[in-house]
Amino acid sequence: MAVPNLTRDDAGLRAELLRVESYDVVVDFTDGAGQPSERTFRSTTTAEFSAARVGDSTFLDLVADTVRSVTLNGRPVDVSDYDPERGIVLAPLAAHNTVVVDADLPYMNTGEGMHRFVDPVDGEIYLYSQFETADAKRVYACFDQPDLKAVFTFHATVPGAWQVASNTKPASVDELPNGSQAVHFAPTPRISPYITALVAGPYHVVRDQHDGIDLGLYCRQSLAEYLDPDEIFTITKQGFDWYHANFGVRYFLDKYDQLFVPEFNAGAMENAGCVTFREDYVFRGKVTDARRERRAETILHEMAHMWFGDLVTMRWWDDLWLNESFATYASALCQSEATRFSDTWTTFATVEKAWGYRQDQQPTTHPIATDAPDVQTAEVNFDGITYAKGASVLKQLAAYVGQEQFLAGLREYFAEHAYGNTTLADLLGALERSSGRDLGSWSKLWLETAGINTIRPDFELDAEGRYTRFELVQSAPDDVASSNVVRPHRLAVGLYNGEQLVRTDRIELDVVAERTPVPALVGVPAPALLLANDDDLTYCKLRLDEHSLQALRDPDGDGIGRLPESLPRALCWSAAWDMTRDGELATRDFVALVLAGVRADSNVGLLQQLNRQALRALEIYADPTWAPTGFHAMAEKAYAALHAAAPGSDHQLAWTHALLGSARDDDHLNAIRGLLDGGHVIEGLALDADLRWAILASLIAQGRAGEPDIAGELERDPSAAGQRHAATVRALRPIAEAKAEAWQLATEDDSLPNAMQEAVIAGFSHPTQGPLVAPYVPRYFEMAPEVWRRRSSELAQNVVIGLFPTWTSTITQDTLDAADQFLARGELPAGLRRLVSEGRADVARALRARATDAG
């Protein structure tokens, strides 16, 4: 169903005209006989608002199946020509207005609006809402924009055995004669529509309390045995304590529910007091501590949003970064200081920054504070710039002004703007007052321009190996971002020496020009390794000098693994990965660095990231004629490390997955088959459901298993996760029929739920299946505009991104030509054009890297 694409101009005009006081929303999720309704639910909204100009008109947002009636100030409103794209026109307006809308709204299976899910294990029905950016209109009539805040009172009629959660606590519950219940929630403070929430179903609930805040954890009944409330509550309590101590304003509600819900599109959503999470964070089997660290980061990220975004909200979506960048940075800072995850900044460097660096080198890169003329544009801005680069730049800003001054500015910002809406200028003003620094030029250079700087050392040595000249050279390539500029960087230069490469000196300085002398290094002996962004203070691409690279290659030792600390190791890996992606380092050399350097790495998250990068490099950046050699070396390494790892350890599990991704020859595949069949037993390796599916996927893709194996695993694991795994491995079968079926499901079957669509897309291609997927390159460019027009935002993006032909066999000039021909069309929607442009850029980058590797 088409929905309105609200523009910033129209939202601004509506905000000038209206002040919304309150919404009273009554939803009925039953069929009238006490059972859950199936296709639609009834929603009745009463909105109270004032208008600045009497007699003027406005519009109310609603995406309904049927509009039963609408009244404005007691008079009927004609809705005979109702169209969701136009909403409901309200005219004439009085100084004070009451509008009542009674409608039937459709359930969704896309992870938007009111999502309805049936658990395949027990047949139970679960509902949850998801409204960002502008889908509150799919559950109740509203003025669906962030700066029209209001007080919300929700009422939900549900079957008697169901739990119901919203932003506030229930105020009362009425037991109804048909066995259902009407739950009436307390009014909210003034909040934006997109962070309101309703979640309903027979959820399993665990409760706790901390510092006057009631805590709740929810998951499906069939997942209850896997929920680990102790660890989740511990992180939650540590987060509240740190945010209260550092933000100066208490959490603005008296309860905090965290709900793990099925088929969720994102990692989580910051609904005020009612945070929803992807239920993959309920771990069904053994996971590495890196997965637990990422779950903790997500918990703290959403909690930070209670201040950044919920208490103080951006006025419009062009300041989306005020939400996401700050929550990403604040959660990392909190996690590093308040929880057991002491290597948080290592993970930040290897995960968040890698995401930001990749996005910032796309032709579609944009400033952190970016333009969002309408909602559809904003929806594709939930990217590595808005989250990762923004958070990285805030880390740089904290180093620039001082962390205590930075936090002091935040305290002033929250106190001054509580329950209001802000822009970038409001935040900068608070930080300027707390730090005494003029941030106007800093903001223009860091927040209002696009692109990334590269910083490399440039020096001369005397005969004894001492520096006679040392400069840091900063460049601002404009190949993808015409607004890229030289920026001010606060950074540290680290010198590492000795067999274990221990830091022996550190110099912190400001780099503000293209060339910055470092006189403190003149006369100093050149170290074995020099890091020009030690401690990862700034956001830049770091280049290693040849002498440092040689120390890291170290064919007779552990290479990068000689560094005892995880953060400098991560910085070296990041530099090598960037150089590989930029075609400055051959893929085979990067793989050699990984194979030599990971053995001593105690940080399992860094190990997993490196294995993923090495496999990705072999798939798309390696010379195809050499790639089999690299895959074999990777599999040999993984096989040996798997058997050498401590039984039951995180490293054992990490190396298992590395083997599954790299195995190509008979010996390795036979060993993997033995894991599934029981003929190859590895002490301590727990073959839980998720690992068995991963093993089967590796075998299926290369013709070592088939449909009977899929049926057997599905009988073992008939859960929703099992159904998704089965969809992926069916799509992975190396036969033309499997690819045709997967393509039809992903691009043509509009009834397929969002999670199943993701699962099918994940199995469509495999590096070993080039001839099977190559024919789909022209079909991609034929189907993309129609899918974009027909599907909702989330589902359309899944298809356009997930099926872009960045497959091993389609890294060709022909694919570039097809993309160029497509992009030459004049009528493409901006969001679609952007995503296809990014896919094209990935292919072009891969071709350059392959040329380097072949050379």
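Treat the numbers as computed from the prediction; the structure is a model and nothing was measured. (Residues numbered from 1 in each chain as written. Predicted model: local features only at pLDDT ≥ 70, side-chain atom pairs only at ≥ 80, totals over all residues. Heavy atoms only, no water.)

1. Some points on the pairing of strand S8 (residues 113–118)
The buried fraction of S8 is high, at 5 of 6 residues. When S8 meets strand S9 (residues 125–130), the two strands line up antiparallel, connected through 6 bridges. Residue pairing for S9: histidine 115 is matched across the bridge by tyrosine 128. Counting the residues in the hairpin turn of S8 and S9 gives 6 residues, including glycine 123, whose phi is positive at 75°. (Buried < 20%, exposed > 50% of the residue type's maximum accessible area, 1.4 Å probe, protein only. Helix = DSSP H or I, 4+ residues; strand = E, 2+ residues; numbered from the N terminus. Pairing = 2+ DSSP bridges.)

2. Some points on helix H8 (residues 403–417)
A rise of 1.5 Å per residue sets the reference length of H8, with its 15 residues, at 21 Å; its end C-alpha atoms lie 21 Å apart and thus fit the reference within 8%. Residues Phe406, Leu407, Gly409, Leu410, Tyr413, Phe414 and His417 constitute the buried set of H8. One side of H8 carries all its buried residues, which in axial view fall inside an arc of 155°. Facing away from the buried surface of H8 by more than 90 degrees, the exposed residues are Glu404 and Ala415. Next to the buried residues of H8 lie helix H2 (229–247), helix H4 (320–338), helix H7 (385–401), strand S21 (421–422) and helix H9 (424–435). (Expected span 1.5 Å × (residues − 1). Arc of directions from axis to C-beta. Contact = heavy atoms within 4.5 Å.)

3. Observations concerning the sheet that holds strand S11 (residues 163–166)
With antiparallel pairing, the 4 strands of this open sheet are ordered in space as S8-S9-S14-S11. Single-partner strands in this sheet number two, and they are S8 and S11. Taking the axes of each pair of neighbouring strands and ignoring which way they run, one obtains an average angle of 10° across the sheet. The pairing of S11 with strand S14 (residues 198–201) spans 4 bridges and is antiparallel. Paired with valine 164 across the two strands is alanine 200, which belongs to S14. (Axes fitted to C-alpha atoms, helices over the stretch in contact; angles between N-to-C directions.)

4. Some thoughts on the nonpolar core
Phe29, Leu62, Ile88, Tyr243, Trp307, Trp321 and Phe406 are the most contacted members of the largest nonpolar core, which has 151 residues in total. Among the elements that make up this core, the one with the highest residue count is H4 (10 residues). Ignoring anything within four residues of it in the chain, the contact list for isoleucine 88 reads Thr58, Phe59, Leu60, Leu62, Val70, Val77, Val79, Tyr82 and Val101. By size, the runner-up hydrophobic cluster in this structure holds 130 residues, among which are Leu501, Val598, Leu732 and Val843. (Core = buried A, V, L, I, M, F, W, Y, C linked by side-chain atoms within 4.5 Å.)

5. A closer look at the side chain of histidine 155
Topologically, histidine 155 is positioned in strand S10 (residues 151–159). Non-local contacts of histidine 155, meaning those with residues more than four positions away in its chain, are made with Asp24, Val25, Val26, Val27, Val183 and His184.

6. Observations regarding the packing of aromatic side chains
Tallied over the full model, the rule gives 52 aromatic pairs. Centre to centre, the rings of phenylalanine 308 and phenylalanine 414 are 5.0 Å apart; their planes meet at 65°, and the pair counts as edge-to-face. With a gap of 106 residues between them, phenylalanine 308 in the loop between helix H3 (289–305) and strand S20 (313–314) and phenylalanine 414 in helix H8 connect regions that are remote in the sequence. Aromatic side chains phenylalanine 459 and tyrosine 467 sit 5.1 Å apart centroid to centroid with 75° between the ring planes, which places their arrangement in the edge-to-face category. Positioned above the aromatic ring of tyrosine 107 is the side chain of arginine 116, whose terminal nitrogen or guanidinium carbon lies 5.7 Å from the ring centre. The cationic tip of arginine 437 hangs over the ring face of tyrosine 400; the distance from NZ or CZ to the ring centre is 4.0 Å. (Phe/Tyr/Trp six-rings, centres within 6.5 Å; stacked < 30°, edge-to-face > 60°. Lys NZ or Arg CZ within 6 Å of the ring centre and 35° of its normal.)

7. Some thoughts on the pattern of salt bridges
One pass over the structure, following the stated rule, counts 71 salt bridges. We note a salt bridge from lysine 541 to aspartate 582, for which the minimum N-O separation is 2.5 Å. Highlighted residues: lysine 541 in strand S28 (residues 541–542) and aspartate 582 in the loop between helix H12 (566–581) and helix H13 (587–597), separated in sequence by 41 residues. Aspartate 582 gets classed as partly exposed once you look at its relative accessible area, which sits at 21%. One salt bridge connects glutamate 786 with arginine 789, and the closest N-O pair in it is separated by 2.6 Å. (Salt bridge = Lys/Arg side-chain N within 4 Å of Asp/Glu carboxyl O.)

8. Section: the environment of histidine 301
Within the secondary structure layout, histidine 301 lies in helix H3. Using a relative accessible area of 5% as the deciding quantity, one classes histidine 301 as buried. Considered as a pair, histidine 301 and tyrosine 400 are 99 residues apart in the sequence and their alpha carbons are 23 Å apart. Setting aside its immediate chain neighbours within four residues, histidine 301 contacts Glu324, Ala327, Thr328, Ser331 and Tyr387. Reaching out from histidine 301, the side chain makes a polar contact with the side chain of glutamate 324 at a distance of 3.1 Å. (Polar contact = N/O pair within 3.5 Å; in protein donor to acceptor, adjacent residues only side chain to side chain.)

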